[in-house]
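Given next are the chains, with one letter for each unit.
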Amino acid sequence: DAKTTQPPSMDCAEGRAANLPCNHSTISGNEYVYWYRQIHSQGPQYIIHGLKNNETNEMASLIITEDRKSSTLILPHATLRDTAVYYCIVRVATGGFKTIFGAGTRLFVKA
Amino acid sequence: NAGVTQTPKFRVLKTGQSMTLLCAQDMNHEYMYWYRQDPGMGLRLIHYSVGEGTTAKGEVPDGYNVSRLKKQNFLLGLESAAPSQTSVYFCASRPDPISYEQYFGPGTRLTVT
């Protein structure tokens, strides 16, 4: 699985968009980009994933660059409850039965 | 449908003691995982299972053993606990090789003195 690089922490004002970057320059053609988050001491929660097209669901949007070497997770209207550690993971979709989480980005949403 | 549950939630052990952490899922998932998370760090994979009766080593398997005798349960054993095993342990499950989402349990906080 390709390695990812994320900033250790970021701040965001409540109600504003939070843009979390992730670099994955060694990503392979069959590897997907996944995002999870971990709120306080709870278990991680799946957010979104994508291959090369931009994706959107009820929680967030995922923007993947054309060369697929980086991506951005967007929380359109951050709330205090979005304060968490966000993990960017790259892995194959099939047979990739191991998911290794890095240190992630700690997002602080401030009132 | 309880999802992924972990037993116990908290435990304090003395060095050299043994214990077993239980993970149970009621979603009929094939894949199950054990991770540990140390303060301020991400999750590291200890062991995983791709089906009943199978187990495999992850990133940090030393000092741990696992068993998957039943599809719904994944047990993590510490034969001789060490202070370095003080951590929060998370279990997760995934339906199949194609599924993109892992479902995590609430975690077990283990302290070894």
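These figures come from a predicted structure and were not determined experimentally.

1. Some thoughts on the overall build of chain A
Thinking step 1. Along the backbone of chain A there are 0 helices and 9 strands.
Thinking step 2. Ordered by position in the sequence, the α and β elements of chain A form the string β-β-β-β-β-β-β-β-β.
Thinking step 3. Since a compact globule built from 111 residues should have a radius of gyration of about 13 Å, the 13 Å found for chain A is in line with a globular shape.
Thinking step 4. With respect to the principal axes defined by its C-alpha atoms, chain A has extents near 40 × 30 × 25 Å.

2. What about the state of the cysteines?
Thinking step 1. Per the counting criterion, the structure on display carries 2 disulfides over all chains.
Thinking step 2. Two residues share a disulfide in this structure: C23 of chain B and C91 of chain B, whose sulfurs sit 1.8 Å from each other. Because the sign of the S-S torsion sets the handedness, a value of about -75° for the bond joining C23 of chain B and C91 of chain B places this disulfide among the left-handed ones. With C23 of chain B in strand β3 (residues 19-25) and C91 of chain B in strand β9 (residues 87-94), this pair connects stretches of sequence that are 68 residues apart.
Thinking step 3. The exposure class assigned to C23 of chain B is buried, which follows from its relative accessible area of 0%.
Thinking step 4. Free of any disulfide, C12 of chain A has its nearest cysteine sulfur in C22 of chain A, 18 Å distant.

3. Some remarks on the pattern of salt bridges
Residue and element names in this part refer to chain A.
Thinking step 1. Tallying each qualifying case throughout the model produces 5 salt bridges over all chains.
Thinking step 2. Where K110 meets D11, a salt bridge forms, and the shortest distance between an N and an O atom there is 3.1 Å. On the criterion of sequence distance, the pair formed by K110 in strand β9 (residues 105-110) and D11 in strand β1 (residues 9-13) is long-range, its members being 99 residues apart.
Thinking step 3. Overall, K110 belongs to the partly exposed group, its relative accessible area being 46%.

4. Structural notes on the sheet that holds strand β3 (residues 31-38) of chain A
Hydrogen bonds along the backbone pair up the strands of a sheet, which may run parallel or antiparallel.
Residue and element names in this part refer to chain A.
Thinking step 1. Strand order across the open sheet formed by 5 strands is β1-β9-β8-β3-β4, with mixed pairing between neighbours. The open sheet terminates on both sides in strands that have one partner only, identified here as β1 and β4 (45-50). The average angle at which neighbouring strand axes cross in this sheet is 25°, direction not considered.
Thinking step 2. With 8 bridges joining them, β3 and strand β8 (residues 84-92) adopt antiparallel strand pairing. Among the inter-strand pairings, Y36 is bridged to a residue of β8, identified as Y87.

5. Quick notes on the pairing of β9 of chain B
Residue and element names in this part refer to chain B.
Thinking step 1. With 8 of its 8 residues buried, β9 lies for the most part within the structure.
Thinking step 2. Of the two faces of β9, both are covered, the one formed by S87, Y89, C91 and S93 as well as the one formed by V88, F90, A92 and R94.
Thinking step 3. Two strands pair when backbone bridges link them, and strand β4 (residues 31-37) and β9 are joined in this way by 7 bridges, in the antiparallel orientation. If you follow W34 over to β9, its bridge partner there is C91.
Thinking step 4. Direction of pairing for β9 relative to strand β10 (residues 103-104): antiparallel, over a ladder of 2 bridges. Residue pairing for β10: S93 is matched across the bridge by Y103.

Thresholds applied
- Residues numbered from 1 in each chain as written.
- Chains lettered and ligands numbered in written order.
- Predicted model: local features only at pLDDT ≥ 70, side-chain atom pairs only at ≥ 80, totals over all residues.
- Heavy atoms only, no water.
- Helix = DSSP H or I, 4+ residues; strand = E, 2+ residues; numbered from the N terminus.
- Rg over C-alpha atoms; globule rule 2.2 N^0.38 Å.
- Disulfide = S-S within 2.5 Å.
- Buried < 20%, exposed > 50% of the residue type's maximum accessible area, 1.4 Å probe, protein only.
- Salt bridge = Lys/Arg side-chain N within 4 Å of Asp/Glu carboxyl O.
- Pairing = 2+ DSSP bridges.
- Axes fitted to C-alpha atoms, helices over the stretch in contact; angles between N-to-C directions.

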